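Fold and contact review
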Amino acid sequence: MKIAFLVIPAIYLAGLALSYYWYYAKYIIEPDYHYNFKMLTFDYYTLTSFLLAVVYSSILFKRRFQKPSDFFLFFYSTIVVLPYSVLHTQTGHIFLGNLLVLYLPLLSVYLFSGINFRLPAWRWIEVGRRIDEKKLIYAIAAITVVTIYFLLKKAPASASFSLSDIYTRRLDAREIYGSRTLLAYLSAIVMNGALPLFAFWGYRKRNLIIALLPVPLFSLFFYIYGVKSPIVYIVAAYLLSYFIEKFSIDSLLRAIFLGLTVLVAAVLLEIWINDYSYLQQYILRRAYYVTTNIIEIYFDFFHRYLDSPLTGFRYIPEGISIYVGAIFFKTSGVNANTNTFLYFLAQFGLIGYLAVTAFIGILFSIFDKLATTYTTFVFFSFMYAILILEQSATTALLSSGIGVLAILFYFTKPDVIIEPDKTSTAHD
């Protein structure tokens, strides 16, 4: 099985390159159209980055995924670093620097994961650990229902279940609820944190009410906001709970990567048969082509617009992602989301980038330790690893609720012990 995963990454990367090559040749007519996509250049730098990606992926999949921090190593590698290595459009010495910027967080998490951090042993913390998980979950569920009640009470006139006007609903909802109000914060925490948590916890505890609760609640959020990503998080949480109980973290991540490779192969098959691919238009384009292009935009922003490479850009009230979107897409209000490391690089320069790189390494090391006695921290690691692919580290902790929920569950009664030499999470 391990030998197969030394070959699969090469197929995955080559398939991405071929699919993009066809997409550009077929649809990109004007040089500045569609995110300023450019044709791939097959030169020394492209070959070097491709070989580096294959070597790195062989090292990544040769090891066994068994700690929560491995979620970050896997998702950041397969969704950000490896695709960028073959889909980048910039060449020369700047490109090599870009690769270093993207690879360094992987080294940070790998190194910090080997450190056994001692958590506070203060008496008031130990006394506080009397909260029952079930009671806490029901309390969070009650807050969730109350939040949705107030959202529905002020629902925008455009609220509907239609797919055609989801962007209108998002703009209307932002105008009505605001972006920094208590209701806006609670709705973000519920969508990105609480609903997937219910799916994970409900399945693991065989609590049918909590396990099924996320589905109707998501439909209401879709009705109000037109958001689609929470359903992906919910399904991912169900899969996570199933795999860590029946199999292992390693099995889950290898199954996901195999699925990604099959997806790329299916796109190429669609193109070969129909000269068109729906999977490419609706999945690969957004998940890979656009993501890689925005990474290039942030690197371009770093080299051309920063006040100081060390300290970053001046304070921007609307946030760096909105500002970058306005510059490069020439449209106000466009949110150019990217991974947390490039957020901090653009906003706070190299100092901010190094600080967040160390912070992420330390945080996942702490999650590794807590997951040995609290199964829910496997979920927090999983969700946080996904969220920081397109959010700032602080936004993912605060606005998405991971930080708040993690603190609450830190004060619950320990529920399991994960043996250090096991690759799966023990049952309750």
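Worth saying up front: this structure is predicted, and the values here are computed from it rather than measured. (Residues numbered from 1 in each chain as written. Predicted model: local features only at pLDDT ≥ 70, side-chain atom pairs only at ≥ 80, totals over all residues. Heavy atoms only, no water.)

1. Points about the overall build of the protein
Each helix and strand in the protein was counted, giving 18 helices and zero strands. Looking at the protein as a whole, 52% of its 428 residues are labelled buried. Contacts spanning at least 24 positions in sequence make up 74% of the contacts within the protein whose residues lie at least 6 apart. Accessible surface for the protein amounts to roughly 19900 Å². Of this, 68% is attributable to carbon and sulfur atoms. (Helix = DSSP H or I, 4+ residues; strand = E, 2+ residues; numbered from the N terminus. Buried < 20%, exposed > 50% of the residue type's maximum accessible area, 1.4 Å probe, protein only. Contact = heavy atoms within 4.5 Å. Areas by Shrake-Rupley, 256 points an atom, 1.4 Å probe, with all protein chains shown as cover.)

2. Some thoughts on the packing of aromatic side chains
If you walk through the whole model with that rule in mind, you get 46 aromatic pairs. Here the aromatic rings of F301 and Y305 are separated by 5.5 Å at their centres, their planes lie at 20 degrees, and the arrangement is stacked. R169 extends its terminal NZ or CZ atom over the ring of F222, reaching a point 4.9 Å from the ring centre. Here the basic side chain of R206 rests over the ring of Y203, its NZ or CZ set 4.9 Å away from the ring centre. (Phe/Tyr/Trp six-rings, centres within 6.5 Å; stacked < 30°, edge-to-face > 60°. Lys NZ or Arg CZ within 6 Å of the ring centre and 35° of its normal.)

3. Comments concerning the environment of Q66
Take Q66: it is sitting in the loop between α2 (44-62) and α3 (69-87). Judged by relative accessible area, Q66 falls into the partly exposed class, the value being 33%.

4. Observations regarding the pattern of salt bridges
Where charged atoms from two side chains of opposite charge come close, those side chains can pair. Taken as a whole and judged by the stated rule, the model has nine salt bridges. We note a salt bridge from R286 to E390, for which the minimum N-O separation is 3.1 Å. Placement of R286 in helix α13 (residues 278-304) and of E390 in the loop between α16 (376-387) and α17 (393-398) is noted, with a sequence separation of 104 residues between them. The class for E390 is partly exposed, based on a relative accessible area of 31%. Between D300 and R304 there is a salt bridge; the shortest N-O distance is 2.9 Å. Here D300 and its partner R304 are both found in helix α13, four residues apart, which amounts to about one turn of the helix. (Salt bridge = Lys/Arg side-chain N within 4 Å of Asp/Glu carboxyl O.)

5. Some remarks on a nonpolar patch on the surface
A contiguous nonpolar patch, built from I231, V232, V235 and L239 and spanning about 310 Å² of accessible area, is present on the exposed surface. For V232, the position within the fold is in helix α11 (residues 229-246). (Patch = residues over 30% accessible without salt bridge, like charges linked within 9 Å, V, L, I, M, F, W, Y side chains within 5 Å.)

6. A few points about the nonpolar core
By size, the foremost hydrophobic cluster in this structure holds 133 residues, and its most contacted members are F71, F72, I360, F377 and Y384. A per-element tally of this core places helix α15 (residues 340-370) first, with 13 residues. What F377 contacts, discounting residues up to four positions off in sequence, is F367, L370, A371, A406, F409 and Y410. (Core = buried A, V, L, I, M, F, W, Y, C linked by side-chain atoms within 4.5 Å.)

7. Comments concerning helix α6 (residues 133-153)
The end-to-end C-alpha separation of α6 is 30 Å, in line with the 30 Å expected for 21 residues at 1.5 Å each. For α6, the complete set of buried residues consists of E133, L136, I137, I140, A141, T144, T147, I148 and L151. Down the axis of α6, the buried set is contained in an arc of 140 degrees. They therefore lie on one face. What points out from α6, more than 90 degrees from its buried face, is the exposed set K135 and K153. Next to the buried residues of α6 lie α7 (166-177), α8 (182-204), α9 (208-212), α10 (214-225), α16 and α18 (402-410). A side-chain oxygen of the first residue of α6 lies 3.1 Å from the backbone nitrogen of K134; this N-cap is D132. (Expected span 1.5 Å × (residues − 1). Arc of directions from axis to C-beta. Polar contact = N/O pair within 3.5 Å; in protein donor to acceptor, adjacent residues only side chain to side chain.)

8. Re unusual backbone geometry
Located in the positive-phi region is R206, a residue other than glycine, with phi close to 60 degrees. Backbone geometry at D275 places phi at a positive 60 degrees, although glycine is not the residue there.

9. Focus on the packing of α16 against α18
Two numbers describe how α16 lies on α18: the axes approach to 11 Å, and their chain directions differ by 170 degrees. The angle between α16 and α18 falls in the class roughly antiparallel. Within the contact between the two elements, α16 uses T376, F377, F380, M383, Y384 and L387 and α18 uses I402, L405, A406, F409 and Y410. (Axes fitted to C-alpha atoms, helices over the stretch in contact; angles between N-to-C directions. Parallel < 35°, antiparallel > 145°, perpendicular 65-115°, else oblique.)

10. Quick notes on the packing of α3 against α16
At a minimum axis distance of 8 Å, the contact between α3 and α16 shows a crossing angle of 20 degrees. Classified by the angle between their axes, α3 and α16 sit roughly parallel to one another. The element α3 and its partner α16 pack so that their crossing is right-handed. Of α16, the residues touching α3 (which contributes F71, F72 and F75) are V378, S381, F382, A385 and I386. Taken together, the residues of the contact of α3 with α16 break down into seven nonpolar, one polar and no charged. (Left-handed = near helix turned anticlockwise from the far one by under 90°. Nonpolar A, V, L, I, M, F, W, Y, C, P; charged D, E, K, R; others polar.)

11. Section: the side chain of S158
Along the polypeptide, S158 turns up in the loop between α6 and α7. Among residues more than four places away in sequence, those in contact with S158 are D165, T168, R169 and D172.

12. What to know about α10
Its 12 residues give α10 an end-to-end C-alpha distance of 16 Å, which sits within 8% of 16 Å, the value for a rise of 1.5 Å per residue. Among all positions of α10, only P214, L217, F218, F221, F222, I224 and Y225 are buried. Projected down its long axis, α10 carries its buried residues within an arc of 165 degrees, all on one side. Backbone geometry just after α10 places G226 at a positive phi near 75 degrees.

13. So, the confidence of the model for the protein
Chain-level statistics for the protein give a pLDDT mean of 85 and a share of 89% at 70 or above. Taken element by element, the predicted model of the protein shows its lowest mean pLDDT in helix α5 (residues 123-128) (56) and its highest in α16 (95). In the model, residues 417-428 has pLDDT below 50 throughout and makes 31 contacts with residues more than four positions away in sequence or in other chains. (pLDDT = per-residue confidence, 0-100.)

14. Notes on the side chain of S108
Here S108 lies in helix α4 (residues 93-112). Overall, the relative accessible area of 9% leaves S108 in the buried class. Residues contacting S108, with those up to four places away along its chain left out, are T357, A358 and G361.

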